[in-house]
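Given next are the chains, with one letter for each unit.
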Amino acid sequence: FIRAIVFKIPKVVLTSVDEDRIGVFAQRPIAEREEVMRHGWPEHTELCEGLVKVPLSALEKLSSDSPSILRNLERRFFRDAEYQVVPLDGGRKLTFQQFCNGSDQANIRCESVPTRDGVGEVQRYVSTRAIGEGEELLLEEGEVSCSKPGRHARVLEAAGVDAVLKWLPKAAGLQVRLAASTVHGVGIFACASFRRGCLIVVEPEYADIENPLLTHSICGRADGTIVNANRLKSMGHRDFAWLNFDKAVATEIRNRWAFDADMMRLPAFGLNRLTYMQYSNHWDEPNNTGGGRMLCTDQIEEGMELLESYESMPDYLSVQ
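Scope of this entry: the structure provided in the associated data block. (Residues numbered from 1 in each chain as written. Predicted model: local features only at pLDDT ≥ 70, side-chain atom pairs only at ≥ 80, totals over all residues. Heavy atoms only, no water.)

Regarding the overall build of the protein chain
Each helix and strand counted, the protein chain has seven helices and 20 strands in total. Counting all 320 residues of the protein chain, 52% fall into the buried class. For the protein chain, the exposed surface amounts to about 15400 Å²; the carbon and sulfur share of it is 49%. (Helix = DSSP H or I, 4+ residues; strand = E, 2+ residues; numbered from the N terminus. Buried < 20%, exposed > 50% of the residue type's maximum accessible area, 1.4 Å probe, protein only. Areas by Shrake-Rupley, 256 points an atom, 1.4 Å probe, with all protein chains shown as cover.)

Here it is in structure tokens:
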């Protein structure tokens, strides 16, 4: 089964642009008209029930009570003059295109292509010219919002709007965001205040949807194949041949998909999926326990970075 897994090596990586913004950068040279990104999670395609449109007028109260959470929605999901898209999975699943910036010097564009069954269309992102390693991938300014998940999502029925508005401030994936870190690269930051002892669940497998109107829309999990981590830890470039891996794939797995000292999870659907856990930075005096279920060990104020300790992790995950 492991030999049959097809790993798509990420061509891009999230990197800080300035003190507040992050962007998507080429991890290797990209040729003109090459596909550079695709939606990693089913919930982030226009054909899935995991996204809905909510009227902007209904979000006015949220803009005053929870402005940071509303800003997080604007940054990561489609928005137009009438509607804001809301993720019914709690916003815990991330994709690269949610972090693309706009420019009048764009070098990528979004294209719609037919689905395999011919029922609808899905989006892919291709380069409009050759892009060098380390160069930021940029969309036309007018395409930035349109490229984000949910452009073709259904409009939420009026009966469900109140339930969504009550639930949104509690959605763990919207209470935090990725931003430039002064500790290292990109980190996780609070969009709300968390008291000591509070549990922040950002791991996609865990569902914390409280409203029964929403539970039917949970559509995917972070499926993977579990293998012995000691075996992978001891492998070098040549040893990875038995899995048909090259060094770049091996590095990505070690950095992003190891869980404990005994077992490691290989992502069965490739390496284009993102989760918050992959961007949790180390600090000698952490303010949470880390992982997908972050238990706050200190009071965390809005705007603070969520930091964990890597000391309890296996050697191959320790700070380099």
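We are not done yet, so read on.
Concerning the nonpolar core
Of all hydrophobic cores here, the largest spans 38 residues; its most connected members are Leu14, Met37, Leu178 and Ile200. Those elements that place two or more of their residues in this core are β1 (12–16), β2 (22–26), β3 (35–38), β8 (108–114), β12 (176–180) and β13 (186–190). With 23 residues, the next largest nonpolar core counts Leu51, Val52, Phe78 and Trp167 among its residues. (Core = buried A, V, L, I, M, F, W, Y, C linked by side-chain atoms within 4.5 Å.)

A short note on the pairing of β1
By the bridge criterion, five bridges tie β1 to β2 in an arrangement that is antiparallel. Looking at the pairing, serine 16 lines up with isoleucine 22 of β2. From the end of β1 to the start of β2, which pair antiparallel, there are five residues. (Pairing = 2+ DSSP bridges.)

Observations regarding helix α2 (residues 67–76)
Residues Ile69, Leu70, Asn72, Leu73 and Arg76 constitute the buried set of α2. Down the axis of α2, the sector holding all buried residues measures 155 degrees, keeping them to one side. Looking at the buried residues of α2, the elements they touch are α1 (60–65), β5 (83–87), β6 (93–94), α5 (172–175) and β12. (Arc of directions from axis to C-beta. Contact = heavy atoms within 4.5 Å.)

Remarks on the state of the cysteines
Here the structure, examined in full by the defined rule, presents zero disulfides. Free of any disulfide, cysteine 100 has its nearest cysteine sulfur in cysteine 110, 9.6 Å distant. Counting only cysteine sulfurs, cysteine 110 is the nearest neighbor of cysteine 146, a cysteine outside any disulfide, at a range of 8.6 Å. (Disulfide = S-S within 2.5 Å.)

Let's talk about unusual backbone geometry
You will see that arginine 33, though not glycine, has its phi angle at about 65 degrees, which is positive. On the secondary structure map, arginine 33 appears in the loop between β2 and β3. The exposure class of arginine 33 is partly exposed, given its relative accessible area of 46%.

Focus on the sheet that holds strand β11 (residues 154–155)
What holds strands together in a sheet is hydrogen bonding between their backbones, with the strands either parallel or antiparallel. If you trace the three strands from one edge of the open sheet to the other, you get β5-β4-β11, paired in mixed fashion. This sheet does not close on itself; its edge strands, each paired only once, are β5 and β11. Two strands pair when backbone bridges link them, and strand β4 (residues 51–55) and β5 are joined in this way by five bridges, in the antiparallel orientation. Within β5, the residue paired with valine 52 across the bridge is valine 86.

Concerning the side chain of serine 147
Mapped onto the fold, serine 147 is located in helix α3 (residues 144–147). For serine 147, the residues in contact, after removing those within four places along its chain, are Gln97, Cys110, Gln123, Tyr125 and Leu139.

So, helix α4 (residues 158–167)
Within the sequence span of α4, burial applies to Gly160, Val161, Ala163, Val164 and Trp167. Looking at the buried residues of α4, the elements they touch are β4 and β5.

Section: the environment of glutamine 84
Looking at the secondary structure, you find glutamine 84 in strand β5. When sequence neighbours within four positions are dropped, the list of residues in contact with glutamine 84 reads Val52, Lys53, Val54, Leu56, Leu59, Leu73, Glu74, Phe77, Phe78 and Arg79. Within the structure, glutamine 84 has its side chain in polar contact with the backbone oxygen of leucine 73 (distance 3.3 Å). Within the structure, glutamine 84 has its side chain in polar contact with the backbone oxygen of phenylalanine 78 (distance 3.3 Å). (Polar contact = N/O pair within 3.5 Å; in protein donor to acceptor, adjacent residues only side chain to side chain.)

Focus on the sheet that holds β13
In space, the four strands of this open sheet follow the order β12-β13-β20-β18, with mixed pairing throughout. Each edge of the sheet is formed by a strand with only one pairing partner; in this case those strands are β12 and β18 (281–282).

Observations concerning the pattern of salt bridges
Across all of its chains, the model carries 10 salt bridges by this definition. Between glutamate 34 and arginine 28 there is a salt bridge, with the nearest N and O atoms lying 2.8 Å from each other. Looking at glutamate 34, the relative accessible area reads 18%, which means it is buried. We classify arginine 28 as partly exposed; its relative accessible area is 32%. Taking the shortest distance from any N to any O, the salt bridge between glutamate 111 and arginine 124 comes out at 3.3 Å. Pair noted here: glutamate 111 is in strand β8 and arginine 124 is in strand β9 (residues 121–127), with a separation of 13 residues, a long-range link. On the basis of relative accessible area, glutamate 111 is assigned to the buried category, the value being 14%. For arginine 124, a relative accessible area of 25% translates into the label partly exposed. Among the charged side chains, a network of salt bridges with common partners joins Lys11, Arg28 and Glu34. (Salt bridge = Lys/Arg side-chain N within 4 Å of Asp/Glu carboxyl O.)

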